[in-house]
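Residues per chain are reported as follows:
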Amino acid sequence: MRRGWTELGISMTTVGLIGSGNIGGTVARLAVDAGYDVVLSNSRGPETLKDLADELGEHASAGTAHDAAQVGDLVVVSVPLKAYRAVPVEPLTGKVVIDTNNYYPQRDGVFPELDSGEITSSELLQRHLPESRVVKVFNNIFFKHLAALPRPSGAADRSALAIAGDDAAAKAEVTAFLDRIGYDTVDAGSLAEGWRYQPDTPAYGTIYSADPTDWEHPAQGDAEKLRAALGAATR
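Residues numbered from 1 in each chain as written. Predicted model: local features only at pLDDT ≥ 70, side-chain atom pairs only at ≥ 80, totals over all residues. Heavy atoms only, no water.

1. Examining the side chain of Asn 139
Phase 1 of the analysis: You can see Asn 139 is positioned in the loop between strand S6 (133-136) and helix H7 (143-148).
Phase 2 of the analysis: Classification of Asn 139 by relative accessible area gives buried; the value is 2%.
Phase 3 of the analysis: A polar side-chain atom of Asn 139 sits 3.2 Å from the main-chain carbonyl oxygen of Asp 99.
Phase 4 of the analysis: Sequence-distant contacts of Asn 139, defined by excluding residues within four places in its chain, comprise Asp 99, Thr 100, Asn 101, Asn 102, Tyr 197 and Tyr 204. (Helix = DSSP H or I, 4+ residues; strand = E, 2+ residues; numbered from the N terminus. Buried < 20%, exposed > 50% of the residue type's maximum accessible area, 1.4 Å probe, protein only. Polar contact = N/O pair within 3.5 Å; in protein donor to acceptor, adjacent residues only side chain to side chain. Contact = heavy atoms within 4.5 Å.)

As structure tokens, then:
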């Protein structure tokens, strides 16, 4: 997909990745394939990302979380929820921040405010990054499905991803990013509505799986299917 972007006059944008595991690394691959530059980071140091950066090619490099936050025009935060306070604040001022996180108590420990429904996980990150514009996306899709399902704009078998956020311009920017990497978008509303595609909801995971008991085989999850699943969510 990279070939032809500059010929079309589309400006290159740098995507910073704070966290480059299953979801973060997959987003990085899709971004590079779509013509973006990426800066990878994780909690273990740039040297541990050399192989991934080499695999992704000349449009990928590795740095610290601060580097990814500073250089990225669009920044993807893909770290365990328990580590959200380690996300650098100052270099993300004014930027659009994609939050891929989910709350898993068995991994993250207990967050009473999340258990009670007082706040959502993405609202916690927004609270930590008060001058950033957080948009929740990639939270409900298995990384192997995310890698397998991108399709060109307008394709009949294109899948859709849910977004939630409190800033309309930020959501428009993320929608454009998703379109470029191969996905349609369904706007689920504000960050407070992000619970509609958190774990254990109808929109989580299985809508992109050919068999709900076997996530190894992806299937189209189009906008209509996603909207129905979001609407069926209950607390």
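There's more to say after this.
2. Comments concerning the packing of aromatic side chains
Phase 1 of the analysis: With the rule as written, the count across this model stands at six aromatic pairs.
Phase 2 of the analysis: A centroid spacing of 5.7 Å and a plane angle of 80 degrees characterise the contact between Tyr 103 and Phe 111, whose relative ring orientation is edge-to-face. The same class applies to Tyr 103 as to Phe 111, namely buried.
Phase 3 of the analysis: Taken together, a centroid distance of 6.2 Å and an interplanar angle of 55 degrees make the contact between Tyr 204 and Trp 215 tilted. Here the residue Tyr 204 occupies a position in the loop between strand S8 (184-187) and strand S9 (209-211), and Trp 215 occupies one in strand S10 (residues 214-218), the gap between them amounting to 11 residues. (Phe/Tyr/Trp six-rings, centres within 6.5 Å; stacked < 30°, edge-to-face > 60°.)

3. Some words on empty space enclosed by the protein
Phase 1 of the analysis: Tallied over the entire structure, the rule returns one cavity of 30 Å³ or more.
Phase 2 of the analysis: The volume enclosed by the largest cavity comes to roughly 30 Å³.
Phase 3 of the analysis: What lines the largest cavity is simply Val 77, Val 79, Leu 81, Tyr 84, Asp 99, Asn 101, Ser 121 and Leu 125.
Phase 4 of the analysis: For the lining of the largest cavity, the per-class residue count stands at five nonpolar, two polar and one charged. (1 Å grid on protein atoms, 1.4 Å probe; cavity = no way out; pocket = protein on both sides within 12 Å on 5 of 7 lines; lining within 4 Å. Points joined across faces, edges and corners; volume = space filled by probe spheres on them. Nonpolar A, V, L, I, M, F, W, Y, C, P; charged D, E, K, R; others polar.)

4. What about the pattern of salt bridges?
Phase 1 of the analysis: According to the stated counting rule, one finds 10 salt bridges in the structure shown.
Phase 2 of the analysis: Note that Asp 108 is salt-bridged to Arg 107, the shortest N-O span being 2.8 Å.
Phase 3 of the analysis: With a relative accessible area of 8%, Asp 108 lands in the buried category.
Phase 4 of the analysis: A relative accessible area of 32% means that Arg 107 is categorised as partly exposed.
Phase 5 of the analysis: Note that Lys 144 is salt-bridged to Glu 216, the shortest N-O span being 3.1 Å. One end of the pair, Lys 144, is in helix H7; the other, Glu 216, is in strand S10, with 72 residues separating them in the sequence.
Phase 6 of the analysis: Among the residues examined, Lys 144 registers a relative accessible area of 38% and is labelled partly exposed.
Phase 7 of the analysis: Judged by relative accessible area, which is 44%, Glu 216 ranks as partly exposed. (Salt bridge = Lys/Arg side-chain N within 4 Å of Asp/Glu carboxyl O.)

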